[in-house]
Amino acid sequence: MLYCTKRLLFSKQGVRKIENIDGFCLSYFDILILETPNGRINHINLGAAWNYFGTIIRGTGRFVSGETDITVREGETVFIPKGCVYRSEWHGEPSALFYSLPFVFSKQENNILFSLQKLDMPNLFQNISDIHASKQHGSLSAFSQFYSVYEKACAVLEKQKNPQSARSIYPAVKFIENHCAEDFDVPYLASLCRMSESGFYALFKSQMGTTPIGYKNRRRCIKAAELLRSTDYTVEYISEKLNFSSPMYLRKVLFSNFGKTPREIRKQKQELM
């Protein structure tokens, strides 16, 4: 589903500082309240499916990715970038409660601008509450409010350390995300980025935390989970559609990465954080 594809759907006032606004149209946008059992540990080995702004309503959340290790307490906010591989730990009595605003921009390069970090935006909880109320009533003002929040966040978010390197592999990342069920090889991906195979392979692995084929398998697995949640397709059909070797193997991969069966995934609206 594509949200906010034209300028007229949001005010220029709310996005005046965001360059190239057409590239920041939303391809996914939602507001969710997530409740997680005390002591729960989630391993997001496939990488975050979306960007997230999130505020802890009750309890604490710890987020660990590479050298980054942050703890977010009640009233505090975390930003998680799309594709981030991380571990989250949740504590709260009787459970942790988390207000989440997942979103994805239509241009992949605009989803890799910032790193995983705690965000100094004390009023974000109220902002997300306002967006949630607007969206629940079908109001287009939810989109302008989102861009207002994003504009404020841009002023305080720490950018990725090597944004140019991330941009250089963008053609390959985009191709993999759009063609994850197809057969292709590393030399072809390297040619899309106009790089040598060895240079591309090393840069891709350092930026994405996995090999190009590993990333392809991540995307296939995420796509399978999305189809389970959003359609009535059978596991057999999804397995064939995404070019898995068998339905049994798809079940195995889903359980390995999400810790859930296809039936359990189908009941979820969104991957737990």
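Because the structure is predicted, anything quoted here is derived from the model rather than measured. (Residues numbered from 1 in each chain as written. Predicted model: local features only at pLDDT ≥ 70, side-chain atom pairs only at ≥ 80, totals over all residues. Heavy atoms only, no water.)

## Re the confidence of the model for the chain
Formally: Each residue gets a pLDDT score, which is the predictor's confidence in that residue and runs from 0 to 100. Secondary structure is summarised from DSSP: a helix means a run of H or I of at least four residues, a strand means a run of E of at least two, and numbering begins at the N terminus for each. Whether two residues touch is decided by their heavy atoms; if any such pair falls within 4.5 Å, the residues are in contact.
The pLDDT averaged across the chain works out to 80; a share of 80% of its residues lies at or above 70. Looking across the chain, the model is least confident in helix α1 (residues 124-136), with a mean pLDDT of 63, and most confident in helix α8 (residues 235-241), with 95. pLDDT under 50 marks residues 1-20. Its contacts with residues more than four places away, or in other chains, come to 41 contacts.

## Some remarks on empty space enclosed by the protein
Under the convention used in this document: Any residue with an atom within 4 Å of a point lines the site, the site being either a cavity, points on a 1 Å grid over the protein atoms alone where a 1.4 Å probe fits but cannot get out, or a pocket, an open set with protein on both sides within 12 Å along at least 5 of 7 lines. Grid points are joined across faces, edges and corners, and a volume is the space filled by probe spheres set on the points. Just so you know the grouping, Ala, Val, Leu, Ile, Met, Phe, Trp, Tyr, Cys and Pro go in nonpolar, Asp, Glu, Lys and Arg go in charged, and all remaining residues, Gly too, go in polar.
Inspection of every chain in the model, using the stated rule, returns one cavity of 30 Å³ or more. Considering only enclosed or pocket space, the largest cavity measures out at about 40 Å³ in volume. Here the lining of the largest cavity is built from residues that sort into six nonpolar, three polar and no charged.

## A few points about the packing of helix α6 (residues 197-208) against helix α7 (residues 212-230)
Stated precisely, the cut-off is as follows: As a rule, the C-alpha atoms of each element are fitted with a line to give its axis, helices using only the stretch in contact, and angles between N-to-C directions run from 0 to 180 degrees. Any angle that falls under 35 degrees is termed roughly parallel, while one over 145 is termed roughly antiparallel, one within 65 to 115 roughly perpendicular, and all others oblique.
Contact geometry of α6 with α7 gives a least axis separation of 9 Å together with a crossing angle of 45°. Here α7 runs oblique to α6, going by the angle between their axes. Side by side, α6 and α7 meet where F200, Y201, F204 and M208 of the first sit next to P212, Y215 and R218 of the second. Of the residues belonging to the contact of α6 with α7, the class tally is six nonpolar, no polar and one charged.

## A word on the packing of aromatic side chains
Convention followed: Under the pairing criterion, centres of Phe, Tyr and Trp rings, with the six-membered ring standing for Trp, must be within 6.5 Å; the plane angle then separates stacked pairs below 30 degrees from edge-to-face pairs above 60, leaving the rest tilted. When a residue's accessible area, from a 1.4 Å probe over protein chains only, is under 20% of the maximum for its type it is buried; when over 50% it is exposed; and in between it is partly exposed.
Scanning the entire structure with this criterion turns up 22 aromatic pairs. When the centroid spacing of 5.0 Å and the interplanar angle of 75° are considered together, the rings of F105 and Y150 count as edge-to-face. Taken together, the residues span a long stretch of sequence, with F105 in strand β9 (residues 95-105) and Y150 in helix α2 (residues 141-154) at a distance of 45 residues. As far as burial versus exposure is concerned, F105 and Y150 are alike and both buried. Geometrically, the ring pair formed by F244 and Y249 is tilted, given 6.3 Å between the ring centres and 50° between the ring planes. By relative accessible area, which is 8% here, F244 ends up buried. Using a relative accessible area of 38% as the deciding quantity, one classes Y249 as partly exposed. Through a chain of ring-to-ring contacts, three or more aromatic side chains come together here, namely F29, F53, F79, F103, F105, F114, F146, Y147 and Y150.

## Concerning unusual backbone geometry
P94 follows E93 through a cis peptide bond whose omega is 0°. Structurally, the position occupied by P94 is in the loop between β8 (86-91) and β9.

## A word on the pattern of salt bridges
Note the cut-off: The term salt bridge refers to a pairing of a side-chain nitrogen on Lys or Arg with a carboxyl oxygen on Asp or Glu at a separation within 4 Å.
A complete count under the given rule lists seven salt bridges for this structure. In this structure, the salt-bridge partner of R62 is E89, at a minimum N-O distance of 3.5 Å. You can see R62 sitting in strand β5 (residues 60-65) and its partner E89 sitting in strand β8, a full 27 residues away along the chain. The partner of E89 in a salt bridge is R87, and the shortest N-O contact between them spans 3.0 Å. Residue R87 is classed as partly exposed on the basis of its relative accessible area, which comes to 24%. One salt-bridge network, in which partners are shared between bridges, spans R62, D69, R87 and E89.

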